[in-house]
Amino acid sequence: MNEAMNELMKEIAEARHSFRASDGAEISYIDVGEGIPFLWIHGWGGNAEGLYLFLKALSQFGFRGLCYDQRGCGESTGADKLGVPQSARDAKELLEHLGIEDAVMLGYSMGAAVLLSYVEQFGSRHISRFIIGDMSPKPLNDDEWKLGLYQGWYTKAQMERDLYNMEHDYEAFAAFFTEQTIFQHTPDEVRTFAEGPEMTAELYRKAGEAGKTELVRHFLSMDGEASHINRRYWESCDSYDYRPAVEKIDVPTGLFFANPGSLYSPKIAEWMAGHIKESYTYILEDCTHLASGEKPGEFMADIVDFVKKTEAKA
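Residues numbered from 1 in each chain as written. Predicted model: local features only at pLDDT ≥ 70, side-chain atom pairs only at ≥ 80, totals over all residues. Heavy atoms only, no water.

J.: Explain the overall build of the protein chain to me, please; I cannot follow it from the model alone.
T.: The helix and strand inventory of the protein chain stands at 14 helices and eight strands. Against the 2.2 N^0.38 benchmark of 20 Å for 314 residues, the protein chain shows a C-alpha radius of gyration of 19 Å, consistent with a compact globule. The principal-axis extent of the C-alpha atoms belonging to the protein chain is close to 50 × 50 × 40 Å. In the protein chain, which comprises 314 residues, the proportion classed as buried is 55%. Sequence separation of at least 24 residues holds for 74% of the intrachain contacts in the protein chain that already meet a minimum separation of 6. Summed over its atoms, the accessible surface of the protein chain is roughly 13,500 Å², and 50% of this surface lies on carbon and sulfur atoms. Side chains of the protein chain carry 30 positive and 51 negative charges; the gap between the two charge centres is 4 Å. (Helix = DSSP H or I, 4+ residues; strand = E, 2+ residues; numbered from the N terminus. Rg over C-alpha atoms; globule rule 2.2 N^0.38 Å. Buried < 20%, exposed > 50% of the residue type's maximum accessible area, 1.4 Å probe, protein only. Contact = heavy atoms within 4.5 Å. Areas by Shrake-Rupley, 256 points an atom, 1.4 Å probe, with all protein chains shown as cover. Lys, Arg positive; Asp, Glu negative; His and termini not counted. Charge placed at Lys NZ, Arg CZ, Asp CG, Glu CD.)

Here's what the structure looks like:
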């Protein structure tokens, strides 16, 4: 096991590169394979290393897999200026650094917010296709919008509570978030936003029955600096309304969502399809927000299908 892990880490090190952004930050990225440039923008709490194996497998289908560490994540610096809009600017500078003009850009979860910020700032510059993965263009719900986070139950007041907990008692935030992420939910389930020792104990009990205890430990284990970074990205991601950016998309776009889902409703795909000129919807059945990891083979096959389907239009 150690030998295999050492070999994997060696591979990742060989695939890792960096460039200096226009403000001086060092942005680390992974570059694996040859072919159609495919830039995956990682989600909240993630990094490029965690996507290496998927990108390596995808490269076997004629893709050049790319993923950069957003600021404060992985090996990238510049955390003093982190945020969703800045991550979008870093994506543009990475593509320009590599001389890429026709990338497929996939944004999953918070990465989709970065993708939509990219559209807001740069349109489809350097992009041939977009893929939006299981994310709402407006995470905060209100009287007129019920397609946000927690399948319509997340409000500004709850966000303020979460931001407080993430600063003072991270586990109080993380236990509910983890339960909502790793188990299937539907919009008609009332979200109580429970917190405290009872919530954490119930989470571990439920995870134990489902064989997800290690996943829970991963979600709940967060040191001070990492939780601070997560808090800043959470506020940056959830404060925006990118619905106008959706209207600006002018290249073929894949909509990849889970059913029944957990954090987000698959009905978001329907809304987006009605506001994007050319879209293709892919639903991963019997999945949560972690669909790309629950059914990686199907997820990859859908990516390949989408790119081939739109090849003549790229």
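J.: Help me understand helix H6 (residues 156-168), please; the structure alone is not making it clear to me.
T.: Residue pairs spaced three or four apart in an α-helix point in one direction, given the helix's 3.6 residues per turn. With 13 residues, H6 extends 19 Å between its outermost C-alpha atoms, agreeing within 8% with the 18 Å of an ideal straight helix rising 1.5 Å per residue. What H6 keeps buried is the set Gln158, Met159, Asp162, Leu163, Asn165 and Met166. Along the axis of H6, the buried positions cluster into a sector of 165°, meaning they face one direction only. Those residues of H6 that are exposed and aimed more than 90 degrees away from the buried face are Lys156, Ala157 and His168. In this structure, the buried side of H6 is in contact with helix H7 (170-182) and helix H10 (224-238). (Expected span 1.5 Å × (residues − 1). Arc of directions from axis to C-beta.)

J.: Explain the pattern of salt bridges here, please?
T.: For the structure shown, the criterion picks out 19 salt bridges. Note that Asp23 and Arg71 form a salt bridge whose closest N and O atoms lie 2.7 Å from each other. Taken together, the residues Asp23 in the loop between strand E1 (16-20) and strand E2 (26-32) and Arg71 in the loop between strand E4 (63-68) and helix H3 (84-98) connect sequence positions 48 residues apart. Look at Asp23 and you get partly exposed, because its relative accessible area is 32%. The buried category is assigned to Arg71, whose relative accessible area is 2%. Each of Asp23, Arg71, Lys81 and Asp90 takes part in a single network of salt bridges with overlapping partners. (Salt bridge = Lys/Arg side-chain N within 4 Å of Asp/Glu carboxyl O.)

J.: Just checking my understanding: could you explain H3 for this structure?
T.: Between its terminal C-alpha atoms H3 stretches 21 Å, which fits the 21 Å expected from 15 residues at 1.5 Å a residue. For H3, the buried fraction is high: 12 of the 15 residues fall into the buried class. Taken together, the buried positions of H3 are Val84, Pro85, Gln86, Ser87, Ala88, Asp90, Ala91, Lys92, Glu93, Leu94, Leu95 and Leu98. Note on H3: the residue one or two positions beyond its end, Gly99, has a positive phi of about 70°.

J.: Looking at this model, I keep getting lost on unusual backbone geometry. Mind explaining?
T.: The phi torsion of most residues other than glycine is negative, and most of the peptide bonds are trans. Asn259 connects to Pro260 through a cis peptide bond whose omega is 5°. Within the secondary structure layout, Pro260 lies in strand E7 (residues 253-260). Even without glycine at this site, Ser109 takes up a positive phi of about 60°. You can see Ser109 is positioned in the loop between strand E5 (103-108) and helix H4 (110-122). Here Tyr150, not a glycine, exhibits a phi torsion of approximately 55°, which is positive. Here Tyr150 shows up in helix H5 (residues 149-152).

J.: Where do I start with the sheet that holds E5 in this structure?
T.: Hydrogen bonds between backbone atoms are what pair the strands of a sheet, whose relative direction is either parallel or antiparallel. An order of E1-E2-E4-E3-E5-E6-E7-E8 is seen for the eight strands of this open sheet, with the pairing classed as mixed. The open sheet has two free edges, formed respectively by E1 and strand E8 (279-287), since each of these has just one partner strand. Looking at each pair of strands side by side, their axes are set apart by 20° on average, direction ignored. Direction of pairing for E1 relative to E2: antiparallel, over a ladder of five bridges. Bridged to Arg16 within E2 is Ile30. Docked against the sheet, helix H14 (residues 296-309) engages strand E3 (36-41), E4, E5, strand E6 (127-133), E7 and E8, running at close to 170° with respect to E8. (Pairing = 2+ DSSP bridges. Axes fitted to C-alpha atoms, helices over the stretch in contact; angles between N-to-C directions.)

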